[in-house]
Amino acid sequence: MAKELIQLIDISKSFDGQMVLDELNLSIHENEFVTLLGPSGCGKTTTLRILGGFASPDTGRVVFDGQDITRIPPNKRQLNTVFQKYALFTHMTIAENIAFGLKIKKKSQSYIDDKIRYALKLVNLEGYENRMPDSLSGGQQQRIAIARAIVNEPKVLLLDEPLGALDLKLRQEMQYELIRMKNELGITFVYVTHDQEEALTMSDTIVVMNQGYIQQIGSPESIYNEPENAFVADFIGDSNIIPATMIEDKLVEILGTRFACVDTGFGRNKPVDVVIRPEDVILVEPADGIIQGVVTHLIFKGVHYEMEVTANGFEWLVHSTTLFPVGKEVGIHVDPFNIQIMNKPESEDEEAVAIDI
Amino acid sequence: MTSNKKWLSVPYIFWSALFIVVPLGMILYYGLTDRTGAFTLDNIIAITTAGHAKALRLSLLLSLISTIICFLLAYPLAMILSQVQMKRHNFIILIFILPMWMNFLLRTLAWQTLLEKNGVINHLLTFLHLPAIKIINTPAAIILGMVYNFLPFMILPLYNALAKIDPNVINAAHDLGADHLHTFTRIILPLSIPGIISGVTMVFIPALTTFVISSLLGGGKLLLIGDVIDQEFTRTSNWHLGSGLSMVLMIFILVNMVLSAIFDKEGEGSML
Amino acid sequence: MKSAAKRIYIALIVLFLYAPIGTLMVLSFNASKTRAKWGGFSFKWYIALFQNEEILRALANTLLIALLSSLIATVIGTIACIAMTGMKRQAKSILMGITNIPMLNADIVTGISLMLLYISLGIRFGMGTILLSHITFNIPYVILSVMPRMKQLNPSTYEAALDLGSSPINAFFKVVFPDLLPGILSGFLMAFTMSLDDFIITHFTKGVGVDTLSTKIYTEIKKGIKPEMYALSSLIFVTVLTLLVLINLSPDKKEKK
């Protein structure tokens, strides 16, 4: 992997006596697309504001390129931010907005003009130099906010829920645009969102956060396929989270029935949670299933049918391209490698586990 | 629905025509005629006579100084207040409206008690071994009275304009490398222009046209243009001359309205 | 350190605004009749106040005018706001421009212009002319505080009410009115305050022998203000202050501004 560009070391932050971040540790690499993902109030925006210099941590250090920048004000940092709701300067033209940072750095007019042209080309808004921000659509304003930040050639671009105010279609378009821009610029993106789909689509690395703690760090694939705890499993995509008992290595008892699995090292007769994705629940004829149940709900979702199957007293969420009508008796089969075993949190507090990396 | 709504506007259109437009027409009529009803410009030209011109000059000077002082006092205050949490918005507005519930004349009169040769402030200054001040019955006292009475009308529009600025816009300026001074001159000040225009209007116009403050704190010897007009109506009863002089005042008001219309299109700098 | 400086600055401005008010309150307890010296603490002006019929009549006039004018202005202003949403853009901006005139215009010009109007129409000066004038300068305050609420209004809620079978009038009072209420209330309060504090316009439009507190004080200035006046305004101020503190402390804060 590329070299480490940013390190957050033991960062804690509280507001009005309420802990928002608790000894958070995180490394961000050069040229990486990192997404901080979590529900509102999880500390992801605070983390970003600490990176940008808009909030200072109570304890801990921020190291950027080997240099401690914890106490350095935002205007002296080599990072730029794309703010929620754009924060464009409404009294300036698009060109003046983009030129703002460059003029402060006293760049020459020809350099500034070149940069404006380059940035507008990058965000596909050539010819918008003399428009006012208010005359642009939300998506266009968003692009200008990005252009305004990147002309300063930051090593890291911080993006705070930048697509939150856009409608669904535009959001999806912008996701591809952002990936393209990042590849073209070759810089690090730190992206904050509560939208798991955005995170899965764009990121190299996803940092799932909850209640001020990092829950899991990993590639989109590993976060989706191998959630480390119930919070991550529940937050990323739909899933069946079922209390179970690990009988021995590679054998788990779910709702009274034994299933083969591939996990080892959980001990014997240990209570655990299992995660089974709805698309991994395979419906078969009753006789062919590991357990049997009845279809109770059915919705057509376009690419697949979503069904609920009551079996062994649990409502299983099932995605399948084959239709099983409501009331039909079915068998449920799960391949061993699709059963993800997770340690059970022993108390409420431990549900949010701090993970050091 | 829409056709019903049209009828709803009738009472107000009628009201504003009768009590706003027609009365202004009356001033124009009186201002442009003499006692016999014949057309004349004399009532307007009368502003150039020595006494009237002096009163207008003094009014302009004092109201200009008061407006500048109000602005300089109110801007830092509005900036500090705009950083206070939004949920205390109503409370902040109340603090500055509340003094209006004490009668305007009495409040101004109280400054006499405070400023007099043997007044409260001088007692205090003597107690602190500081030299006494002598500003009662001087233009300085009139300025103080104007600043005192109209300061809230500067504070509130400025506060409203500044509180509307998204904190992230200021963060964005810092993020792009601007220091505090730069952020202030390039971002905060330009974004608060609607509030400035509105505040300046709401201080300058009443200050320019006031006629009580000068007689209460200026000792009655300093005549402002407002005093002159008041006298034409209540003592000499020359309504034609009073109307003509009012029309001169309205020129300043019109200029102000045009300026506000240009800079404050959305009515963003409103007081409420 | 920095925030201490900010606090001191706020405190100084507030002191500046409230010092004369404090002075008047102290004077209202001054046993001596002149402002110049302190004659000891006394309630006598408060007692005298309730025996002074002239002042009490002026107070009654002031309150009556303030209440009636702000109520009528609130009704006319609110209806005007509703009407304006249905108007064409140009007509609306002309009407809004006219609405702004009494606010932007100098009080002395407004006062004189209304005085000339009443003379030409042959209306007798008195409570009626004061009331008409106050309604006129109060309407803009109502419109300016109701209009922003009107713009935020979701037109679908009114249509939804109609869709659910309610009559237009019923729909208005059940659905639209509650949404406008905060704006209407603050407009009413603003109008009431402005009416109470007005001197200049009343000065030009009142008749002989009819006085509000402002004009009464104005005529008294030359003869010397009766200390009962200090007592009265202290009472008014403290009453309002108490009411506002109570309203502000009440836990239910429906209004988000």
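Scoring rules and cut-offs
- Residues numbered from 1 in each chain as written.
- Chains lettered and ligands numbered in written order.
- Predicted model: local features only at pLDDT ≥ 70, side-chain atom pairs only at ≥ 80, totals over all residues.
- Heavy atoms only, no water.
- Helix = DSSP H or I, 4+ residues; strand = E, 2+ residues; numbered from the N terminus.
- Buried < 20%, exposed > 50% of the residue type's maximum accessible area, 1.4 Å probe, protein only.
- Areas by Shrake-Rupley, 256 points an atom, 1.4 Å probe, with all protein chains shown as cover.
- Contact = heavy atoms within 4.5 Å.
- Salt bridge = Lys/Arg side-chain N within 4 Å of Asp/Glu carboxyl O.
- Polar contact = N/O pair within 3.5 Å; in protein donor to acceptor, adjacent residues only side chain to side chain.
- Nonpolar A, V, L, I, M, F, W, Y, C, P; charged D, E, K, R; others polar.
- pLDDT = per-residue confidence, 0-100.
- 1 Å grid on protein atoms, 1.4 Å probe; cavity = no way out; pocket = protein on both sides within 12 Å on 5 of 7 lines; lining within 4 Å.
- Points joined across faces, edges and corners; volume = space filled by probe spheres on them.
- Phe/Tyr/Trp six-rings, centres within 6.5 Å; stacked < 30°, edge-to-face > 60°.
- Pairing = 2+ DSSP bridges.
- Axes fitted to C-alpha atoms, helices over the stretch in contact; angles between N-to-C directions.
- Parallel < 35°, antiparallel > 145°, perpendicular 65-115°, else oblique.

Novice: Explain the overall build of chain B here, please?
Specialist: Within chain B, the regular secondary structure consists of 13 helices and 0 strands. In chain B, the order of α-helices and β-strands from amino to carboxyl end is α-α-α-α-α-α-α-α-α-α-α-α-α. Dimensions of chain B along its principal axes, counting C-alpha atoms only, are 70 × 70 × 35 Å. Buried residues in chain B amount to 56% of all 272 residues. For chain B, the computed accessible surface area is about 11900 Å², with 71% contributed by carbon and sulfur atoms.

Novice: It is not clear to me how the interface of chain B and chain C should be interpreted in this structure. Could you clarify?
Specialist: Much of the literature gives interface size as the accessible area that the parts lose upon coming together. Across the contact, 79 residues belong to chain B and 83 residues belong to chain C. The residue D197 of chain C makes a salt bridge to R107 of chain B at a minimum N-O spacing of 3.1 Å. At the boundary of chain B with chain C, the tally comes to 11 residue pairs in polar contact (both at pLDDT 80 or more). Put simply, the parts of the chain that give the side of chain B that touches chain C at least two residues each are α1 (2–31), α3 (50–82), α4 (89–97), α5 (104–115), α7 (139–163), α10 (193–209), α12 (225–234) and α13 (239–263) of chain B. Among the elements that line the side of chain B that touches chain C, the one with the most residues is α1 of chain B, at 18 residues. Across the side of chain B that touches chain C, the residue classes tally to 60 nonpolar, 15 polar and 4 charged.

Novice: Just checking my understanding: could you explain the pattern of salt bridges for this structure?
Specialist: Two side chains that carry opposite charge are able to pair once their charged atoms sit near each other. Residue and element names in this part refer to chain A. The tally for this structure, following the rule as stated, stands at 18 salt bridges over all chains. The salt bridge involving D195 is made with R171; its shortest N-O contact spans 4.0 Å. Residue D195 is found in the loop between β8 (188–193) and α6 (196–202), and its partner R171 is found in helix α5 (residues 168–185); the two are separated by 24 residues along the sequence. Here D195 falls in the buried class, since its relative accessible area comes to 17%. Note that R171 is salt-bridged to E198, the shortest N-O span being 3.9 Å. One end of the pair, R171, is in helix α5; the other, E198, is in helix α6, with 27 residues separating them in the sequence. Of the two residues examined, R171 and E198, each falls in the buried class. When salt bridges that share partners are traced, they join R143, E177, R180 and E184 into one network.

Novice: In this structure, what is going on with the confidence of the model for chain B? I would like to understand it.
Specialist: The predicted coordinates ought not to be read in detail in places where the model reports low pLDDT. A residue-level look at chain B finds 94% of positions with pLDDT of 70 or above and a mean pLDDT of 87. Low pLDDT, under 50, characterises residues 267–272 of chain B; the stretch is placed with 21 contacts to residues that sit more than four places away or in other chains.

Novice: Explain empty space enclosed by the protein here, please?
Specialist: Rolled over the atoms, a probe as big as a water molecule pinpoints where empty space is left. Under the counting rule described, the total for this entry stands at 7 cavities of 30 Å³ or more. Lining of the largest cavity is provided by 32 residues; of these, F150, F153 and P206 of chain B together with D107 and M194 of chain C occupy positions nearest its centre. Looking at the lining of the largest cavity, its residues break down into 23 nonpolar, 5 polar and 4 charged. Size it by volume and the second largest cavity reaches roughly 110 Å³.

Novice: Quick question: what am I supposed to make of the packing of aromatic side chains here?
Specialist: Two aromatic rings, taken as a pair, are described by how far apart their centres are and by the angle between their planes. For the structure shown, the criterion picks out 31 aromatic pairs over all chains. Here Y148 of chain B and F16 of chain C contribute two aromatic rings whose centre-to-centre distance is 5.6 Å and whose plane-to-plane angle is 90 degrees, an arrangement assigned as edge-to-face. On the criterion of chain membership, the pair formed by Y148 of chain B in helix α7 and F16 of chain C in helix α1 (residues 2–28) is interchain, its members lying in two chains. Of the residues examined, Y148 of chain B reaches a relative accessible area of 1% and is grouped as buried.

Novice: Would you mind showing me how to read the pairing of strand β9 (residues 205–210) of chain A here?
Specialist: Residues in a regular strand project their side chains so that they alternate between the two faces of the sheet. Residue and element names in this part refer to chain A. Within β9, 6 of the 6 residues are buried, leaving the element largely enclosed by the surrounding structure. The alternating pattern of β9 places T205, V207 and M209 and I206, V208 and N210 on opposite faces, both of which are buried. Here 4 bridges tie strand β3 (residues 33–37) to β9, and the two strands are oriented parallel to one another. Bridge pairing in β9 places L37 opposite V208. Where β9 meets strand β10 (residues 213–218), 5 bridges bridge the pair, whose relative direction is antiparallel. Looking at the pairing, M209 lines up with I214 of β10.

Novice: Explain the sheet that holds strand β12 (residues 251–254) of chain A here, please?
Specialist: Hydrogen bonds between backbone atoms are what pair the strands of a sheet, whose relative direction is either parallel or antiparallel. All names here are of chain A. Spatially, β13-β12-β11-β14-β20 is the arrangement adopted by the 5 strands of the open sheet, whose pairing is antiparallel. Edge positions in the open sheet fall to β13 (257–260) and β20 (340–343), since each of these has one partner strand only. For this sheet, the mean inter-axis angle between neighbouring strands, taken without regard to orientation, is 45 degrees. In terms of strand pairing, strand β14 (residues 270–276) meets β20 through 4 bridges, oriented antiparallel. Across the sheet, the residue bridging to V275 is Q340, located in β20.

Novice: Sorry if this is basic, but what is going on with the packing of α5 of chain B against helix α6 (residues 120–127) of chain B here?
Specialist: Any two packed helices are characterised by how steeply their axes cross, that is the angle between the axes, and by the distance between the axes. Residue and element names in this part refer to chain B. The geometry of α5 relative to α6 is characterised by a closest axis approach of 4 Å and an angle of 30 degrees between their N-to-C directions. Classed by the angle they form, the pair α5 and α6 counts as roughly parallel. Taking contact as the criterion, the partners of W111, T113, L114 and L115 in α5 are, on α6, V120, I121 and N122. Of the residues that constitute the contact of α5 with α6, the class distribution is 5 nonpolar, 2 polar and no charged.

Novice: How do you make sense of the interface of chain A and chain B when you look at a structure like this?
Specialist: At the interface, 22 residues of chain A touch 17 residues of chain B. Counting every contact that joins chain A to chain B gives 0 salt bridges. Counting the contacts that link chain A with chain B gives 5 residue pairs in polar contact (both at pLDDT 80 or more). Its residues assigned to classes, the side of chain A that touches chain B shows 11 nonpolar, 8 polar and 3 charged.

Novice: Help me understand the sheet that holds β3 of chain A in this model?
Specialist: Residue and element names in this part refer to chain A. The sheet built from 6 strands is open, its strands ordered β6-β7-β8-β3-β9-β10 with mixed pairing. On the outer flanks of this sheet lie β6 (79–82) and β10, each paired with one strand and no other. On average, each strand axis in the sheet is inclined to that of its neighbour by 20 degrees, with strand direction left out of account.

Novice: Would you mind showing me how to read helix α2 (residues 94–104) of chain A here?
Specialist: Burial analysis of α2 of chain A places 9 of its 11 residues in the buried class, the great majority of the element. If you check which residues of α2 of chain A are buried, you get I94, A95, N97, I98, A99, F100, G101, L102 and I104 of chain A. Its buried side turned inward, α2 of chain A meets α3 (109–122) and α4 (138–150) of chain A together with α8 (167–175) and α9 (180–191) of chain B. Directly beyond the C-terminal end of α2 of chain A, a positive phi value near 60 degrees is found at K106 of chain A.

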